[in-house]
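Report on the structure
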Amino acid sequence: MAKKKRPSTITALPAERPIKTVMQGDLMARVATILDQARTNVLRAVNSNMVIAYWLIGREIVQALQSGEDRADYGSRLLAELSESLKRRYGRGFSVTNLKYFRLFFQAYALRTPEIRHNACDELGDIDQAAVLADLSVSLDEAEKLKGFSPNLSWSHYRSLSMVEHRAERLFYEIEAERCNWSQPVLERQIHSHLFARLLKSRDMSGVLKLACEGQTVERPMDVIKHPYVLDFLEIPEAHSVARK
């Protein structure tokens, strides 16, 4: 007698969560945060090394010129020969003009130590009247208040700062650029608009500060890392730079 087959029990599998839902949820946000922070850290490390390297190169150039021949054309010839040698070995980024910037950078910051400051607090603030008054006081003090260089400012920041003639004014812009997270174009705008002088002369400081904040932007890590100075330092051709996905 044939046995009757029992009806099979089929357990329905839970519906799979769509990949698109995962990508739009918390996982994507957490991964994006990790990548953005990593890119920021890489950029900061690259820029810090550029700043120190170019300060040291500037010091070597200054010392070589001081101990060299006392001839009008000696400096130009020395920089031209050094530029050609560096370009053959490392590629672009070492024109005579850039070597002059390195020299100017060292001359402007000769009292600094070739190191990056490690701040206890990495929080960046906004421009406010009380803070700016304090920074003006620091910058006008004859004593050197800062040692080393800021981890938040790039070589392009310091290149712009080096061209500010007066030390007090230069120190003020450096402090404000670091504290307020100014991009290099914003720093240039503040320098060219003579913010320092306007604050010293103005009785309406709040109005001056309001104008100073207009148009302020903060660049994303991938935007900044594609700056020609960074590409030159890492020997990455512009055509091969990482495209934004």
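Notes on the structure follow. None of these values were measured; they are calculated from a predicted model.

Further remarks concern the packing of aromatic side chains. Under the counting rule described, the total for this entry stands at 15 aromatic pairs. Relative to Phe102, the ring of Tyr54 lies with its centre 4.2 Å away and its plane at 15°, an arrangement referred to as stacked. One end of the pair, Tyr54, is in helix H2 (residues 26–66); the other, Phe102, is in helix H4 (residues 96–108), with 48 residues separating them in the sequence. The exposure classification of Tyr54 matches that of Phe102, with both residues buried. Aromatic side chains Phe105 and Phe149 sit 5.4 Å apart centroid to centroid with 45° between the ring planes, which places their arrangement in the tilted category. A residue pair is termed long-range when its members are at least 10 positions apart, and Phe105 in helix H4 and Phe149 in the loop between helix H5 (129–140) and helix H6 (155–162) qualify at 44 residues. This pair shows no difference in class: Phe105 is buried, exactly as Phe149 is.

Note that Val51 resides in helix H2. Residues Val51 and Phe105, 54 residues apart in the sequence, show an inter-C-alpha distance of 9.3 Å. With near-sequence residues (within four places) excluded, Val51 lies in contact with Phe105, Phe149, Leu153, Ser154, Trp155 and Tyr158.

Once that is clear, we can look at a nonpolar patch on the surface. Taken together, the side chains of Leu27, Val31 and Leu35 present a nonpolar region at the surface, about 240 Å² in accessible area. When you line up the elements, Val31 lands in helix H2. Note on Val31: relative accessible area 37%, which makes it partly exposed.

With that settled, the discussion passes to the nonpolar core. In terms of nonpolar packing, the biggest core is built from 38 residues, with Phe105, Phe149, Tyr158 and Tyr173 touching the most fellow members. Non-local contacts of Phe105, meaning those with residues more than four positions away in its chain, are made with Val51, Tyr54, Trp55, Phe149, Trp155, Tyr158 and Ser162.

Let us now look at the pattern of salt bridges. All told, the structure shown has four salt bridges when counted by the stated rule. The shortest N-O distance in the salt bridge between Lys87 and Glu84 comes to 3.3 Å. Taken together, the positions of Lys87 and Glu84, both in helix H3 (residues 74–90) and three residues apart, correspond to about one turn of that helix. On the accessibility criterion, Lys87 (33% relative accessible area) is partly exposed. Overall, Glu84 belongs to the partly exposed group, its relative accessible area being 40%. We note a salt bridge from Arg179 to Glu176, for which the minimum N-O separation is 2.7 Å. With Arg179 and Glu176 both in helix H7 (residues 167–179) and three residues apart, this pair spans about one turn of that helix. No difference in accessibility class separates Arg179 from Glu176, as the two residues are buried.

Definitions and limits used
- Residues numbered from 1 in each chain as written.
- Predicted model: local features only at pLDDT ≥ 70, side-chain atom pairs only at ≥ 80, totals over all residues.
- Heavy atoms only, no water.
- Phe/Tyr/Trp six-rings, centres within 6.5 Å; stacked < 30°, edge-to-face > 60°.
- Helix = DSSP H or I, 4+ residues; strand = E, 2+ residues; numbered from the N terminus.
- Buried < 20%, exposed > 50% of the residue type's maximum accessible area, 1.4 Å probe, protein only.
- Contact = heavy atoms within 4.5 Å.
- Patch = residues over 30% accessible without salt bridge, like charges linked within 9 Å, V, L, I, M, F, W, Y side chains within 5 Å.
- Areas by Shrake-Rupley, 256 points an atom, 1.4 Å probe, with all protein chains shown as cover.
- Salt bridge = Lys/Arg side-chain N within 4 Å of Asp/Glu carboxyl O.
- Core = buried A, V, L, I, M, F, W, Y, C linked by side-chain atoms within 4.5 Å.

So far we have only geometry, and geometry alone does not tell us how the molecule works.
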